[in-house]
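Summary of the model geometry
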Amino acid sequence: MAKAALQHACTKCGHTSGRWFGKCSGCAAFGTLVEEPPTGRKATAAKPLLRLVDVEAEEAGRISTGVPELDRVLGGGLVPASLVLVGGEPGVGKSTLLLTALGAISRDRRALLVTGEESTAQVKLRAARLGGADRVEILAETELDTVCATLERERPDVCVIDSVQTLYASELGSAPGSVGQVREAAGRLLRVAKEAGVATFLVGHVTKDGTVAGPRVLEHLVDCVLQFEGDRYHAHRILRATKNRFGSTNELGVFEMTGAGLVGVPDPSELFGRSEGSEVGAAVGCALEGTRPILLEIQALVAPTDLAMPRRVATGVDPKRLAMIVAVCSRHAGLSLGQADVFVNVAGGVRIDEPGADLAVALAIASAARGVPAVPRSAAFGEIGLTGRLRAASQGERRLEECRKLGLELVVAPPGTSARGKLHIYEAETLRQAIKGGLHADRTERA
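Read on for an overview of the structure. (Residues numbered from 1 in each chain as written. Predicted model: local features only at pLDDT ≥ 70, side-chain atom pairs only at ≥ 80, totals over all residues. Heavy atoms only, no water.)

So, on to the environment of Val265. If you trace the backbone, Val265 turns up in the loop between β12 (261–264) and α7 (268–272). Classification of Val265 by relative accessible area gives buried; the value is 9%. Placed 29 residues apart in sequence, Val265 and His236 show a C-alpha to C-alpha distance of 9.0 Å. Excluding residues that lie within four positions of it along the chain, Val265 makes contacts with Glu69, Val254, Phe255, Glu256, Leu271 and Arg292. (Helix = DSSP H or I, 4+ residues; strand = E, 2+ residues; numbered from the N terminus. Buried < 20%, exposed > 50% of the residue type's maximum accessible area, 1.4 Å probe, protein only. Contact = heavy atoms within 4.5 Å.)

Three or more residues of helix α3 (residues 120–130) are buried, namely Val123, Arg126, Ala127 and Leu130. All buried residues of α3 lie within an arc of 100 degrees about the axis, which places them on one face of the element. Of the exposed residues in α3, the ones pointing more than 90 degrees away from its buried face are Lys124, Leu125 and Ala128. Its buried side turned inward, α3 meets α2 (94–105), β5 (111–115), β6 (137–140) and β12. One or two residues past the end of α3 sits Gly131, with phi positive at roughly 80 degrees. (Arc of directions from axis to C-beta.)

Attention now moves to the environment of Arg237. Among the structural elements, Arg237 can be located in strand β10 (residues 236–244). Each C-alpha atom, one on Arg237 and one on Leu262, is 8.6 Å from the other, the two residues being 25 residues apart in sequence. A distance of 2.7 Å separates the side chain of Arg237 from the backbone oxygen of Val92, its partner in a polar contact. (Polar contact = N/O pair within 3.5 Å; in protein donor to acceptor, adjacent residues only side chain to side chain.)

To continue, consider the packing of helix α8 (residues 319–332) against helix α9 (residues 358–370). Relative to each other, α8 and α9 sit at 60 degrees, their axes nearing to 10 Å. With respect to α9, the axis of α8 lies oblique. Relative to α9, α8 is oriented so that their crossing is right-handed. Seen from α8, the contacting residues are Arg321, Leu322, Met324, Ile325, Val326 and Cys329; seen from α9, they are Asp358, Val361, Ala362 and Ile365. The class makeup of the residues in the contact of α8 with α9 is eight nonpolar, no polar and two charged. (Axes fitted to C-alpha atoms, helices over the stretch in contact; angles between N-to-C directions. Parallel < 35°, antiparallel > 145°, perpendicular 65-115°, else oblique. Left-handed = near helix turned anticlockwise from the far one by under 90°. Nonpolar A, V, L, I, M, F, W, Y, C, P; charged D, E, K, R; others polar.)

Here the focus is a nonpolar patch on the surface. A surface patch of nonpolar side chains, about 380 Å² in accessible area, is lined by Leu50, Leu52 and Val55. Structurally, Leu50 is set in the loop between β3 (33–36) and α1 (68–74). (Patch = residues over 30% accessible without salt bridge, like charges linked within 9 Å, V, L, I, M, F, W, Y side chains within 5 Å. Areas by Shrake-Rupley, 256 points an atom, 1.4 Å probe, with all protein chains shown as cover. Salt bridge = Lys/Arg side-chain N within 4 Å of Asp/Glu carboxyl O.)

Read from one edge to the other, the open sheet built from three strands follows the order β2-β1-β3, with strand pairing classed as antiparallel. Only two strands of the sheet have a single partner each, and these edge strands are β2 (16–17) and β3. For strand β1 (residues 7–10) and β2, the ladder comprises two bridges, and the chain directions are antiparallel. Across the sheet, the residue bridging to His8 is Ser17, located in β2. The sheet strands contacting helix α5 (residues 179–196) are β1, β2 and β3, and the helix crosses β3 at an angle near 65 degrees. (Pairing = 2+ DSSP bridges.)

Below, the discussion takes up unusual backbone geometry. In this structure, the amide linkage connecting Asp162 to the following residue, Ser163, adopts the cis form with an omega of 5 degrees. The topology assignment puts Ser163 in the loop between β7 (158–162) and α5. Its identity as a non-glycine residue notwithstanding, Arg155 has a phi of 50 degrees, on the positive side. Within the secondary structure, Arg155 sits in the loop between α4 (144–154) and β7. On the accessibility criterion, Arg155 (46% relative accessible area) is partly exposed. Positive phi, close to 55 degrees, is recorded for Arg377, a residue that is not glycine. Mapped onto the secondary structure, Arg377 falls in the loop between α9 and β17 (378–380). According to the relative accessible area criterion, Arg377 is partly exposed, its value standing at 44%.

Close approach of charged atoms allows side chains with opposite charge to pair. Evaluation of the coordinates by the stated rule reveals 21 salt bridges. One salt bridge connects Arg404 with Glu401, and the closest N-O pair in it is separated by 2.4 Å. Taken together, the residues span about one helical turn, with Arg404 and Glu401 both in helix α10 (residues 396–405) at a distance of three residues. What makes Glu401 partly exposed here is its relative accessible area of 45%. Among the charged side chains, a network of salt bridges with common partners joins Arg110, Glu137, Arg153 and Glu154.

Structure below.
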């Protein structure tokens, strides 16, 4: 019998090769190919085919996790027999959030925690601090066969694997956390979840650049990928869905780390949209994350520079988007930014990617460049084009309702935005007009 050939797999994209190369031919990354032990092949028989019209599909109700912010990101709750991957930096609160969810689920259903990084005594101490997790069942095991056999026998409604990098299959021979081990663990847990009807959370480590560690095939296998964002030294955390087969990927959950664990923030606009009307270089923007509008304070600093290439530093905003906004402000709004460094920051550690926040970023930069504060109790939203003309942002009525709820009085927006009640709309067709309407000094001069 011929000996099975040794394979080399890429830790980023999962591409396999018979030889080791310094550069992966699949994703062009360097130094990512590692050895993967071969697996034997078994003779299998063909299965009969089915037509989609003959397939019986039952609509099962979603399982509420007891954490409203987590349910929002999942799309309304946890789908039975689904596989969810939760990634985030160490200490961001993954284990704390999932233990809180298990405690709420265990009141009506069976909930199991498989821990491979902590002992049962350590989990007990955390559960005592959080409270409400007395009925959660726990298993301290890292051997993959034992974990799968336990899930098939017990069949809990919800299971949390903390973490998938600690599981290992003895027949592979490689160390836990390697490409082959992570791939085998995810594949087998996926089959168990679908066949036994166990909704499973997989906790995954992240690399230095913030992506989930292990092969990218891990993200392709699961039904939903949740990403925790935030700094362990700050109180607030952001939960996003980068992949969701059962819901939208635009939803966002906001949590606050307290002594009793992670607590959802039902009104993040009140938290992140606070701004002093007299501050120079600050503007309030209304961004849309899925179905939730959020008011965010955007801060800007414009300082003279002696460098040949002025710096454009963005925190919470796409750097390429910032460079475009600075160029449009210089060309069409009359701002002298060619010999100045521009720094932009979104307060609270939130990251915004939608184009509807362009106008608020431009107003903050104009306020910092001219030394004039924005109009008190005002907000702005709108997309900026390369010609300097403003384009309407999606779901303008929902954004205006959020501004009205927080008691704002003025909104600078593109034409066609209508409001009801006491909220006043300053419609601007171009960026130059929007800056005149959004800065306090310009409105005072016109009055």
